[in-house]
Amino acid sequence: MEHYLFKQLAFVRAQTLKLMEGVSEETADRIPEGFRNTIRWQLGHIYVVLERIAFQYIGLPLHLPEGFKEQFENGTSPLNVPNFVDIPTLQELETLLKGQQERIREGLRDHLQEKVVQPYTTSAGMTLETPEQFLSFSLYHEGMHMSVIKLYKILLSKGEQSKWG
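Residues numbered from 1 in each chain as written. Predicted model: local features only at pLDDT ≥ 70, side-chain atom pairs only at ≥ 80, totals over all residues. Heavy atoms only, no water.

(A) Main features of the overall build of the chain. Across its full length, the chain holds 6 helices and 2 strands. For the chain, the succession of helices and strands along the chain, N to C, is α-α-α-α-α-β-β-α. Counting only C-alpha atoms, the chain reaches 55 × 35 × 30 Å along its principal axes. When the 165 residues of the chain are sorted by exposure, 43% land in the buried category. In the chain, once contacts between residues fewer than 6 apart in sequence are set aside, the share between residues at least 24 apart is 69%. In the structure as shown, the chain presents an accessible area of about 9,200 Å², 56% of it carried by carbon and sulfur atoms. Put simply, the chain has 17 plus and 21 minus side-chain charges, and the middle of one group is 6 Å from the middle of the other. (Helix = DSSP H or I, 4+ residues; strand = E, 2+ residues; numbered from the N terminus. Buried < 20%, exposed > 50% of the residue type's maximum accessible area, 1.4 Å probe, protein only. Contact = heavy atoms within 4.5 Å. Areas by Shrake-Rupley, 256 points an atom, 1.4 Å probe, with all protein chains shown as cover. Lys, Arg positive; Asp, Glu negative; His and termini not counted. Charge placed at Lys NZ, Arg CZ, Asp CG, Glu CD.)

In structure tokens:
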């Protein structure tokens with residue numbers, strides 16, 4: 001029987017992917033006034049952080065395309081991306097986000113309760129010690145960035161309306 005956490009991860013990821021619908025490449029790269037990131041950055045960041053949360057702390061290999069760490073890790077911004085980095089298309093991000101779910105399920109389904117060698121304490125002060133705890137935390141993280149994407153879509157569509165209206 002599949003662990004409930006994998007069902008929750010799949011549900012949240014499906015919602016993230018649904019938010020991508022109707023977003024153009026151009027819109028994905030616009031930064032709303034007063035912010036420092038884009039919809040593309042939000043999607044890449046969700047991918048990079050879950051990749052690290054799911055695999056790094058248990059010692060499994062990460063699947064990070066070249067340049068993803070420089071573009072999407074905590075503290076990065078499209079405003080300071082190195083010139084040598086190839087920026088992924090929305091289709092590439094969608095493919096990565098979809099494939100990540102299966103790799104997590106396959107890699108972690110028999111290891112959810114194992115203690116990691118070095119527990120991780122989040123910036124909010126929560127200590128994570130097992131893959132199950134890391135993945136549970138990732139639901140909060142992805143949901144938070146989903147809310148930002150929703151906000152950006154509203155702000156950017158208002159900007160487009162005022163530009164044309």
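Here the narrative resumes, following the displayed structure.
(B) Representation of the nonpolar core in the model. Leu43, Ile104 and Leu135 are the most contacted members of the largest nonpolar core, which has 40 residues in total. For this core, the secondary-structure elements that each account for two or more residues are α1 (4-20), α3 (39-55), α4 (68-72), α5 (90-108) and α6 (131-164). Top contributing element to this core by residue count: α3, with 11 residues. Setting aside chain neighbours within four positions, we find Leu43 in contact with Thr16, Met20, Leu90, Leu93, Leu97 and Ile149. (Core = buried A, V, L, I, M, F, W, Y, C linked by side-chain atoms within 4.5 Å.)

(C) Main features of a negative patch on the surface. On the surface, a cluster of negative charge is contributed by Glu66, Glu70, Asp86 and Glu92. For Glu70, the location among the structural elements is in helix α4. (Patch = residues over 30% accessible without salt bridge, like charges linked within 9 Å, V, L, I, M, F, W, Y side chains within 5 Å. Salt bridge = Lys/Arg side-chain N within 4 Å of Asp/Glu carboxyl O.)

(D) Seen up close, the side chain of Arg40. Within the secondary structure layout, Arg40 lies in helix α3. Separated by 2.7 Å, the side chains of Arg40 and Glu25 make a polar contact. Among the polar contacts made by the side chain of Arg40, one reaches the main-chain carbonyl oxygen of Pro88 at a distance of 2.7 Å. Residues within four places of Arg40 in sequence aside, it is in contact with Glu25, Ala28, Asp29, Phe72, Ile87, Pro88, Thr89, Leu90 and Leu93. (Polar contact = N/O pair within 3.5 Å; in protein donor to acceptor, adjacent residues only side chain to side chain.)

(E) Just the environment of Phe68, in detail. Note that Phe68 resides in helix α4. A relative accessible area of 3% places Phe68 in the buried class. Residues Phe68 and Trp41, 27 residues apart in the sequence, show an inter-C-alpha distance of 9.9 Å. In this structure, Phe68 is in contact with Tyr47, Val48, Glu73, Pro88, Leu93 and Leu96, ignoring residues within four places of it in sequence.

(F) Broad picture of the pattern of salt bridges. In the structure shown here, the tally under the stated rule is 10 salt bridges. Here Glu106 ties to Arg109 by a salt bridge, and the two come within 3.0 Å at their closest N and O atoms. The exposure class assigned to Glu106 is partly exposed, which follows from its relative accessible area of 43%. Residue Glu129 is joined to Lys115 by a salt bridge in which the shortest nitrogen-to-oxygen separation is 3.0 Å. One end of the pair, Glu129, is in the loop between β2 (127-128) and α6; the other, Lys115, is in the loop between α5 and β1 (120-121), with 14 residues separating them in the sequence. Connected through salt bridges with shared partners, the residues Glu25, Asp29 and Arg40 form a single ionic network.

(G) The arrangement of the environment of His145 in detail. If you trace the backbone, His145 turns up in helix α6. Residue His145 is classed as buried on the basis of its relative accessible area of 10%. Considered as a pair, His145 and Lys98 are 47 residues apart in the sequence and their alpha carbons are 17 Å apart.

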